[in-house]
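Take a look at the letters that make up each chain.
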Amino acid sequence: VATVCCKLFNIVQPDAVFFGQKDAQQCVVIEHLLRDLNMDMELVIVPTHREADGLAMSSRNQYLEKEERAKASLIFKALSAGKELVEEKQERSTQAVIDAISKVLASDASFQVQYVQVLHRSTLLALDKIEAGQEGLV
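Position labels on residues start from 1 in each chain and follow its written sequence. At least 70 in pLDDT is required for a residue's local features to be given in this predicted model, at least 80 for side-chain atom pairs to be given and counted, and no such filter applies to totals for whole chains, interfaces and linings, which use all residues. In computing side-chain properties, one takes all heavy atoms of the structure into account and sets aside hydrogens as well as water.

Asker: Explanation requested: the pairing of strand S2 (residues 42–46) in the structure shown.
Answerer: Strand residues, when the strand is regular, have side chains that alternate between the two faces of the sheet. Relative to S2, strand S1 (residues 16–20) is paired through five bridges, and the arrangement is parallel. Bridging across to S2, Val17 finds its partner in Leu43. If DSSP finds at least two bridges between two strands, the strands pair. Numbered from the N terminus, helices here are DSSP runs of H or I no shorter than four residues, and strands are runs of E no shorter than two.

Spelled out as structure tokens, the structure:
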């Protein structure tokens, strides 16, 4: 991603580049790329637009079958449960957030979770605790 974007940015020389929030790790990589290589352009992270079932509007998602779509929308429900725990209930333990997300995902026995992790927004390193005002990624 970084190499392709860097080449494109050097050819086009844009004033601003726009990336979707749903690709959070990619946004972090591009943020570092622009900073580390002193590229004079603004990174604009645009919000994710969602369908009624919570699934992100995406050209890739239109190819999902009905069952796959239902399963995929469970991810948004699980992430929302984690977000609610942090934002509304002021939970700071990443393990509690991971457990809440995992519980929602486990509600579908056919859903196979490989891992759930809470990461620091800028470094992508695993967090043990979420500090007040700190942004994290799941």
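From this point, the discussion proceeds with the structure in view.
Asker: Where do I start with the pattern of salt bridges in this structure?
Answerer: If charged atoms from side chains of opposite charge come close, those side chains can pair. A side-chain nitrogen of Lys or Arg and a carboxyl oxygen of Asp or Glu constitute a salt bridge if their distance falls within 4 Å. For the structure on display, the rule yields five salt bridges. Linking Arg69 and Asp53 is a salt bridge whose minimum nitrogen-to-oxygen distance equals 3.0 Å. Of this pair, Arg69 sits in helix H3 (residues 66–87) while Asp53 sits in the loop between S2 and H3; the two residues are 16 residues apart in sequence, bridging distant segments of the chain. When a residue's accessible area, from a 1.4 Å probe over protein chains only, is under 20% of the maximum for its type it is buried; when over 50% it is exposed; and in between it is partly exposed. The exposure class assigned to Arg69 is partly exposed, which follows from its relative accessible area of 24%. Note on Asp53: relative accessible area 28%, which makes it partly exposed. A salt bridge links Arg121 to Glu135, with the shortest nitrogen-to-oxygen separation between them at 3.9 Å. Remark: Glu135 occurs in the loop between strand S3 (119–120) and strand S4 (136–137) and Arg121 occurs in the loop between S3 and S4; sequence separation between them is 14 residues. Here the salt bridges do not stand alone but share partners, grouping Glu31, Arg121 and Glu135 into one network.

Asker: Would you explain the packing of H3 against helix H4 (residues 94–106) in this entry?
Answerer: In helix packing, the relevant descriptors are the interaxial angle and the interaxial distance, both defined with respect to the helix axes. A fitted line through C-alpha atoms represents every axis, and for helices the fit uses only the stretch in contact; the resulting angles, taken between N-to-C directions, go from 0 to 180 degrees. Two elements in contact, H3 and H4, have axes separated by 8 Å at closest approach and are oriented at 150 degrees. As judged from the angle between their axes, H3 and H4 are roughly antiparallel. For H3 against H4, the interelement crossing comes out right-handed. Residues Leu74, Ile75, Lys77, Ala78, Leu79, Ala81, Gly82, Leu85 and Val86 of H3 form the contact with H4, whose participating residues are Ala96, Val97, Ala100, Ile101, Val104 and Leu105. In this count, Pro and Cys sit with the nonpolar residues alongside Ala, Val, Leu, Ile, Met, Phe, Trp and Tyr, while Asp, Glu, Lys and Arg are called charged and the others, Gly among them, polar. Class assignment for the residues of the contact of H3 with H4 results in 13 nonpolar, one polar and one charged. Put simply, angles under 35 degrees are roughly parallel, angles over 145 are roughly antiparallel, angles from 65 to 115 are roughly perpendicular, and the rest are oblique. Less than a right angle of anticlockwise turn of the near helix away from the far helix marks a crossing as left-handed, whereas a clockwise turn marks it as right-handed. Any pair of residues with heavy atoms lying within 4.5 Å of one another is described as a contacting pair.

Asker: What's the story with unusual backbone geometry in this structure? I'm lost.
Answerer: Backbone geometry follows two general trends: most residues other than glycine have a negative phi, and most peptide bonds adopt the trans configuration. We note that Gln90 has phi near 60 degrees; this positive angle belongs to a residue other than glycine. For Gln90, the position within the fold is in the loop between H3 and H4. For Gln90, a relative accessible area of 46% gives the class partly exposed. Residues other than glycine seldom take positive phi values, yet Leu124 does so here, at roughly 65 degrees.

Asker: What is the right way to read the packing of helix H1 (residues 2–12) against helix H2 (residues 24–36) from this model?
Answerer: Contact pair H1 / H2: the axes reach a minimum separation of 10 Å and the direction vectors enclose 50 degrees. Judged on the interaxial angle alone, H2 and H1 are oblique. H2 is crossed by H1, and the crossing has right-handed handedness. Contacts from Ala2, Cys5, Cys6 and Phe9 of H1 reach H2 at Val29, Ile30, Leu33 and Leu34. Residues that form the contact of H1 with H2 fall into these classes: eight nonpolar, no polar and no charged.

Asker: Mind showing me how you'd approach the nonpolar core here?
Answerer: Proteins that are soluble and globular tend to have nonpolar side chains buried together. In this text, buried Ala, Val, Leu, Ile, Met, Phe, Trp, Tyr and Cys residues form a nonpolar core when linked through side-chain atoms within 4.5 Å. Counting residues in each nonpolar core, the largest one holds 13 residues, and the members touching the most others are Val97, Ile101, Leu105, Val116, Val118 and Ile130. Mapped by element, the contributors of at least two residues to this core are H3 and H4. Every residue in contact with Ile130, bar those within four places of it in the chain, is listed here: Val86, Arg92, Thr94, Val97 and Val118. Listed in part, the 12 residues of the second largest apolar core include Cys5, Val17, Leu33 and Leu34.

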